[in-house]
Amino acid sequence: MATITLAEAVKLKSILVKRIHELENEIRRVAFTTVEKGNTPEKGPRTLQDVENEMDEVRLDSRTLDRLMYRANIDNEIEFQGQQLAIVEAIELATQLRAKSRFYKELASAEKEELQYGFSESTTVYRVALFEPEDYRLKALQTEKDAHKLSNLINAKNYSITLAFDDSKYF
């Protein structure tokens, strides 16, 4: 049987999702027609059943691809910062690192001390950061670098893993 890399499978998955949407739209077009009363509707080149059959095949391929990808993402590992991580865990960690970096950037943009208006007419009130914004700017940069490095490791691993799947219907 033909094989594809996990990286190719990720791309193919998005193609299959798009194809299913296209077939749903085609079903909407071929399922109905407009005719004058008493006339026989003209049939197009593909029947509703033809399109449904193709959609069933694409959906089956999509489910098969999902199963193979999920299994590969669980069974294969990468090393990151001295830890062995299953790909699925590494993907989640990369997502978390990006979120952490965004939050650190938010803290980094804070003023160390900021005058607060509208709290009191007779007393001056300040909002004071209990941390160093510059420290969080540096943490944000490092966390973002870590996320990029991890993503690169995942991508490289995805090109080294092969799945038993024939993609000739789509490429």
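Residues numbered from 1 in each chain as written. Predicted model: local features only at pLDDT ≥ 70, side-chain atom pairs only at ≥ 80, totals over all residues. Heavy atoms only, no water.

Participant: Help me out: how do you make sense of the packing of aromatic side chains in this one?
Facilitator: Inspection of the entire model under this criterion finds two aromatic pairs. Measuring from centroid to centroid gives 5.2 Å for Tyr 104 and Tyr 136, while their planes differ by 75°, and the two rings are edge-to-face. Here the residue Tyr 104 occupies a position in helix H3 (residues 87-108), and Tyr 136 occupies one in helix H4 (residues 133-160), the gap between them amounting to 32 residues. Ring geometry for Phe 131 against Tyr 136: centres 5.3 Å apart, planes inclined by 80°, an arrangement best described as edge-to-face. Given the relative accessible area of 22%, Phe 131 is considered partly exposed. Among the aromatic side chains, those forming a connected cluster through ring pairs are Tyr 104, Phe 131 and Tyr 136. (Phe/Tyr/Trp six-rings, centres within 6.5 Å; stacked < 30°, edge-to-face > 60°. Helix = DSSP H or I, 4+ residues; strand = E, 2+ residues; numbered from the N terminus. Buried < 20%, exposed > 50% of the residue type's maximum accessible area, 1.4 Å probe, protein only.)

Participant: I'm lost on unusual backbone geometry in this one. Help?
Facilitator: It is generally the case that most residues other than glycine have a negative phi and that most peptide bonds are trans. Despite not being glycine, Gln 81 shows a phi value in the positive range, around 50°. Relative to the helices and strands, Gln 81 is located in the loop between strand E2 (77-80) and strand E3 (83-86). By relative accessible area, which is 57% here, Gln 81 ends up exposed.

Participant: When you look at the pairing of E3 in this model, what are you seeing that I'm missing?
Facilitator: Side-chain direction in a regular strand flips from residue to residue, so the side chains alternate between the two faces of the sheet. Bridge count between E2 and E3: four bridges; the pairing is antiparallel. Counterpart to Glu 79 in the pairing with E3 is Gln 84. Counted between consecutive antiparallel strands, the loop separating E2 from E3 contains two residues, among which Gln 81 sits at a positive phi close to 50°. (Pairing = 2+ DSSP bridges.)

Participant: It is not clear to me how the side chain of Asp 167 should be interpreted in this structure. Could you clarify?
Facilitator: Here Asp 167 is to be found in the segment after strand E6 (162-164). Of the side chains bearing the opposite charge, Lys 169 lies closest to the buried Asp 167, which forms no salt bridge; the N-O distance is 11 Å. (Lys, Arg positive; Asp, Glu negative; His and termini not counted. Salt bridge = Lys/Arg side-chain N within 4 Å of Asp/Glu carboxyl O.)

Participant: I tried to follow the packing of helix H1 (residues 6-30) against helix H2 (residues 48-75) on my own but got confused; where do I start?
Facilitator: Angle between the axes and distance between the axes are the two parameters that describe a pair of packed helices. It is the contact of H1 with H2, at a shortest axis distance of 9 Å, that shows an interaxial angle of 160°. When the interaxial angle is binned, H1 and H2 end up roughly antiparallel. Seen along the crossing, H1 lies across H2 with a hand that is left-handed. (Axes fitted to C-alpha atoms, helices over the stretch in contact; angles between N-to-C directions. Parallel < 35°, antiparallel > 145°, perpendicular 65-115°, else oblique. Left-handed = near helix turned anticlockwise from the far one by under 90°.)

Participant: Even after reading the chapter, I still don't get the nonpolar core, so can you show me in this structure?
Facilitator: Of all hydrophobic cores here, the largest spans 29 residues; its most connected members are Leu 6, Leu 65, Leu 150 and Leu 163. At the level of elements, H1, H2, E2, H3 and H4 are the ones that each hand at least two residues to this core. With near-sequence residues (within four places) excluded, Leu 6 lies in contact with Met 69, Ala 72, Asn 73, Ile 87, Asn 158, Ile 161 and Leu 163. (Core = buried A, V, L, I, M, F, W, Y, C linked by side-chain atoms within 4.5 Å. Contact = heavy atoms within 4.5 Å.)

Participant: Sorry, what's going on with the pattern of salt bridges here?
Facilitator: Side chains carrying opposite charge are able to pair once their charged atoms draw close together. This structure, assessed with the given rule, holds twelve salt bridges. Residue Arg 46 pairs with Glu 54 through a salt bridge whose shortest N-O separation is 2.8 Å. Across the pair Glu 134 and Arg 137 runs a salt bridge, and its minimum N-O distance is 2.6 Å. In this pair, Glu 134 and Arg 137 are both assigned in helix H4, three residues apart and thus about one turn of the helix distant. A relative accessible area of 39% places Glu 134 in the partly exposed class.

Participant: Explain the environment of Ile 161 to me, please; I cannot follow it from the model alone.
Facilitator: Note that Ile 161 resides in the loop between H4 and E6. Spatially, the C-alpha atoms of Ile 161 and Ala 7 are 8.1 Å apart, while their sequence positions differ by 154 residues. Setting aside chain neighbours within four positions, we find Ile 161 in contact with Ile 4, Thr 5, Leu 6, Ala 72, Asn 76 and Ile 87.

Any functional reading would require information beyond the geometric quantities listed.
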